[in-house]
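# Structural features, examined
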Amino acid sequence: MRIRNKTRALFLAVAACGSAATIQSAERRAARVVVEQDAGGFTITQRVRVNADVRADYETAVRMLEEARYEPGIALLLKVTEREPALTAAHIDLGIAYARTGDLDHAEASLLKALELNPQHPVAYNELGLVQRRQGQFAASRASYEAALAQFADFHFAHRNLAILCDLYLGDSACALEHYDAYSRIVPDDAEVATWIADLRNRKSRKETP
C-alpha cells in the first residue's frame, strides 16, 4: 500500500511472493508488515504467497471498490478471505468498503480481524478509529488513532483524524492543536488544515482571555 502525503489511498495492494498453486495450513500465518518512508509518503508492504486465482480476484475486487461498486466488491473480497484468511489487506479493504456503505458493525469486525492478524498495522488502526468515531465510541477511536501513531509516528492521516476527533468531539484543544501541528509539519501545504489551526488558536485565545 502506497500512502502519499497529499492524497489518500483508499484501498490496499498485496505484494505477492511466488505463485504457489496450494498453501499448506501451516503457511497461513499473517506475514509481517513492513513500513518504509520517503519524502513523498510511505509504503506498507505485506509479502504473502497466494495462488493466481486469489490474486486475480483480489485485484478485481479492489478495482470494484475504486469504482464505488461496493456490493460486488465486498462479495468478492469475502470470497478472497475465505480462501486466504491470513491476507490482512483484504480484511482492511473489507472494513473500508463496509464503512463506505454505512455497515459500521461489519466494518469494525473486519478491521479487528485485520488487527488480530497483524496487531502492528497502522492503517488498520486508523480506519478502525474512523469507524469508531462514527459509532460514537470516541474514547476507543482516540485509542485507535494513538495506536496507529505508536506504530508509525509520521502517519499524517492519523494525526489529522485524531486532531479532528479531539477538536470537534472531545473538546480537547491541546490534543487537537498538537496533532494538527504534527500533520502540518508533514503536509505543510494543506491550506484547509492551516485554516483549522488558526481558528482553533483563536477559539483557544478567546477562552483564555479574562
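Residues numbered from 1 in each chain as written. Predicted model: local features only at pLDDT ≥ 70, side-chain atom pairs only at ≥ 80, totals over all residues. Heavy atoms only, no water.

A few words now on the side chain of Asn-118. Take Asn-118: it is sitting in the loop between helix H4 (104–117) and helix H5 (122–134). For Asn-118, a relative accessible area of 9% gives the class buried. A distance of 2.7 Å separates a polar atom in the side chain of Asn-118 from a polar atom in the side chain of Thr-88. (Helix = DSSP H or I, 4+ residues; strand = E, 2+ residues; numbered from the N terminus. Buried < 20%, exposed > 50% of the residue type's maximum accessible area, 1.4 Å probe, protein only. Polar contact = N/O pair within 3.5 Å; in protein donor to acceptor, adjacent residues only side chain to side chain.)

The next thing to look at is the packing of H5 against helix H6 (residues 138–151). Contact pair H5 / H6: the axes reach a minimum separation of 8 Å and the direction vectors enclose 165°. Viewed along their axes, H5 and H6 adopt a mutual orientation that is roughly antiparallel. In this structure, H5 crosses over H6, and the sense of that crossing is left-handed. Along its contact with H5, which presents Pro-122, Tyr-125, Asn-126, Leu-128, Gly-129, Leu-130, Gln-132 and Arg-133, the element H6 presents Phe-138, Ala-140, Ser-141, Ser-144, Tyr-145, Ala-147, Ala-148 and Gln-151. Here the contact of H5 with H6 is built from residues that sort into 9 nonpolar, 6 polar and 1 charged. (Axes fitted to C-alpha atoms, helices over the stretch in contact; angles between N-to-C directions. Parallel < 35°, antiparallel > 145°, perpendicular 65-115°, else oblique. Left-handed = near helix turned anticlockwise from the far one by under 90°. Contact = heavy atoms within 4.5 Å. Nonpolar A, V, L, I, M, F, W, Y, C, P; charged D, E, K, R; others polar.)

Summed over all chains, the structure comprises 11 salt bridges. Between Glu-59 and Arg-55 there is a salt bridge whose closest N-O contact spans 3.1 Å. Of this pair, Glu-59 and Arg-55 both sit in helix H1 (residues 52–66), 4 residues apart, roughly one helical turn. Residue classification places Glu-59 among the partly exposed residues on the basis of a relative accessible area of 33%. Of the charged contacts, one joins Glu-192 and Arg-160 as a salt bridge, the two residues approaching to 3.6 Å between their closest N and O atoms. Placement of the pair is Glu-192 in helix H9 (residues 191–208) and Arg-160 in helix H7 (residues 156–170), with a sequence separation of 32 residues. Taken together, the shared-partner salt bridges in this structure form one network comprising Asp-57, Lys-79 and Arg-83. (Salt bridge = Lys/Arg side-chain N within 4 Å of Asp/Glu carboxyl O.)

Attention shifts here to the nonpolar core. Within the largest apolar cluster, 58 residues are counted, with the highest numbers of intra-cluster contacts made by Tyr-58, Leu-77, Ile-92, Phe-155, Leu-162 and Tyr-180. Top contributing element to this core by residue count: helix H3 (residues 88–101), with 8 residues. (Core = buried A, V, L, I, M, F, W, Y, C linked by side-chain atoms within 4.5 Å.)

So, about the packing of aromatic side chains. The description of an aromatic ring pair uses the distance of the two centres, along with the angle that the planes make with each other. Here the structure, examined in full by the defined rule, presents 3 aromatic pairs. Between Phe-138 and Tyr-169 the ring centres are 5.1 Å apart and the planes differ by 45°, which places this aromatic pair in the tilted class. Taken together, the positions of Phe-138 in helix H6 and Tyr-169 in helix H7 put the pair 31 residues apart, joining distant regions of the chain. Using a relative accessible area of 37% as the deciding quantity, one classes Tyr-169 as partly exposed. (Phe/Tyr/Trp six-rings, centres within 6.5 Å; stacked < 30°, edge-to-face > 60°.)

The analysis is restricted to geometry; functional conclusions fall outside its scope.
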